[in-house]
Amino acid sequence: MAIVNHFSLIIRNFDLIIYDSYKIIDMKRTVFAAITLLLAITLQAQRLLVGEQSSGIKRVNNRMYNPDPAPVVSGDRLYVFTGHDLDTATYFRMPDWQVFSTTDMEHWTDHGIVLSTANFKWAKQGDNAWASQAIERNGKWYWYVAAEDTTKHLHGIGVAVADRPEGPWADPIGKPLIPGNWGFIDPTVFIDDDGQAWLFWGNNGCWYAKLNEDMISIDTSFAENGICGMRAMLDDEAQFGPKCLKMDYQLHKKVMKTGFEEAPWIYKIGDTYFLEYAAGGVPEHWAYSTAKSIHGPWHYEGRITDESPGSFTIHGGTIDFKGKSYLFYHDGIPSGGNGFRRTTAFREFQRMKDGRIPKIDIQEK
Ligand code: FUB
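Conventions used here
- Residues numbered from 1 in each chain as written.
- Predicted model: local features only at pLDDT ≥ 70, side-chain atom pairs only at ≥ 80, totals over all residues.
- Helix = DSSP H or I, 4+ residues; strand = E, 2+ residues; numbered from the N terminus.
- Buried ≥ 20, exposed ≤ 12 C-beta atoms within 10 Å, placed from the backbone.
- Contact = placed C-beta atoms within 7 Å.
- Near = placed C-beta within 6 Å.
- Nonpolar A, V, L, I, M, F, W, Y, C, P; charged D, E, K, R; others polar.
- Pairing = 2+ DSSP bridges.
- Axes fitted to C-alpha atoms, helices over the stretch in contact; angles between N-to-C directions.

Draft legend 1. The arrangement of the overall build of the chain in detail. In terms of regular secondary structure, the chain is built from four helices and 20 strands. When the 365 residues of the chain are sorted by exposure, 41% land in the buried category. Once local pairs closer than 6 in sequence are excluded, the contacts in the chain between residues at least 24 apart make up 48%.

Draft legend 2. Inspection of the site of the ligand at higher detail. Residues in contact with the ligand amount to 13 residues; listed here are only the nearest, Trp130, Ala131, Ala263, Thr313 and His315. Its residues assigned to classes, the shell around the ligand comprises seven nonpolar, three polar and three charged.

Draft legend 3. Up close: the sheet that holds strand 7 (residues 154-162). Strand order in the open sheet formed by three strands is 5-6-7, with antiparallel pairing between adjacent strands. The outermost strands of the open sheet, each flanked by one partner alone, are strand 5 (132-137) and strand 7. With direction set aside, neighbouring strand axes in the sheet form an average angle of 25 degrees. Taken together, the six bridges between strand 5 and strand 6 (residues 140-149) define a ladder with antiparallel strand orientation. From the neighbouring strand, Glu136 faces strand 6, where its bridge partner is Trp141.

Draft legend 4. Up close: unusual backbone geometry. Cis geometry marks the peptide bond from Gly167 to Pro168; its omega dihedral reads 5 degrees. Inspection of the secondary structure puts Pro168 in the loop between strand 7 and strand 8 (188-191). The omega angle of the peptide bond from Gly296 to Pro297 is 0 degrees, so this bond is cis rather than trans. Tracing the backbone shows Pro297 in the loop between strand 16 (285-291) and strand 17 (298-303). Backbone geometry places Ala223, a non-glycine residue, at a positive phi of 50 degrees. Tracing the backbone shows Ala223 in the loop between strand 10 (207-211) and strand 11 (228-229). Its identity as a non-glycine residue notwithstanding, Asn225 has a phi of 55 degrees, on the positive side. Inspection of the secondary structure assignment puts Asn225 in the loop between strand 10 and strand 11.

Draft legend 5. Quick peek at the environment of Gly336. Mapping Gly336 onto the fold places it in the loop between strand 19 (324-331) and strand 20 (343-349). By C-beta crowding, Gly336 is classed as exposed, having 12 other C-beta atoms within 10 Å. Each C-alpha atom, one on Gly336 and one on Gly310, is 6.9 Å from the other, the two residues being 26 residues apart in sequence.

This is a description of form; function is not addressed.
Below you can see the structure in the form of structure tokens.
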């Protein structure tokens, strides 16, 4: 859609200039028109390459749909790990995961599809490759993904390891790191200042586990079999926002719940933990809570965005890179509003002094 829009803009500019040229026979105007046309084409072609939107919303790529962005900085480069909605999807049809990177937020390298369900022999093949996040530790990369655990017929969390984001990636344990269960999707990973790595995940609930230093196993002495559920906290409006009537997919009915929906995104600034998440049920908006301990209590901070244009999901996260802050998320604008054909978008914003996040406008103007 965006490509079509960009081309129709080029054509429109072209039309206007041709129209102008007919009106004036003056040579100077014709030359001016030709230069303007050239400039317009160059500018539009440039925009097409970097996927820039007029409103300040930018895209990493227009090659194919790339939902559930998870940005991460490594040295001079920002990587974005995403999923992949098939071009023909009318429901979630997600076979694999992709990687993109940049050094200047303008020019993006498309590393392509570098991980797929074929890398996880325990996973349903060719589909249900849902949201993910990768992190670097001691020269290795660890990519946590949601995929369907075929022994449970429910999503679980897998892990793949590589020497670099471009791969090759391999499953080092040959089984789900977190076996399938209701709501076990959307992993987010974070390494605290003391070196302890934490894995959070969840839809219709939020759970977390302590990762061992190897990053491919969890500390089973923590909580119940290594997994701590945040149920009581999630029910608290002071921690996760005002209650609203939301669908509970386990109970198959609507119940009153706080805003937390799915897609946790965990990180720390100074001594404050930030937990961003998709909120409000569908259509989702992006919101966040903060805490002074990874175990909470959390303090609901409010909305970061309103609902994502053209998509009932929004999955993303904020990241700081080269002195600037960016919000990544996905929308359905390029697909013309198909919520199963989603595209990564990002825009710059300014954090407040204490790291808190202002409300960010993601509507296309
Ligand atoms: O992309 C599949 C699912 O949709 C993700 O796991 C959720 O966060 C939502 O974006």
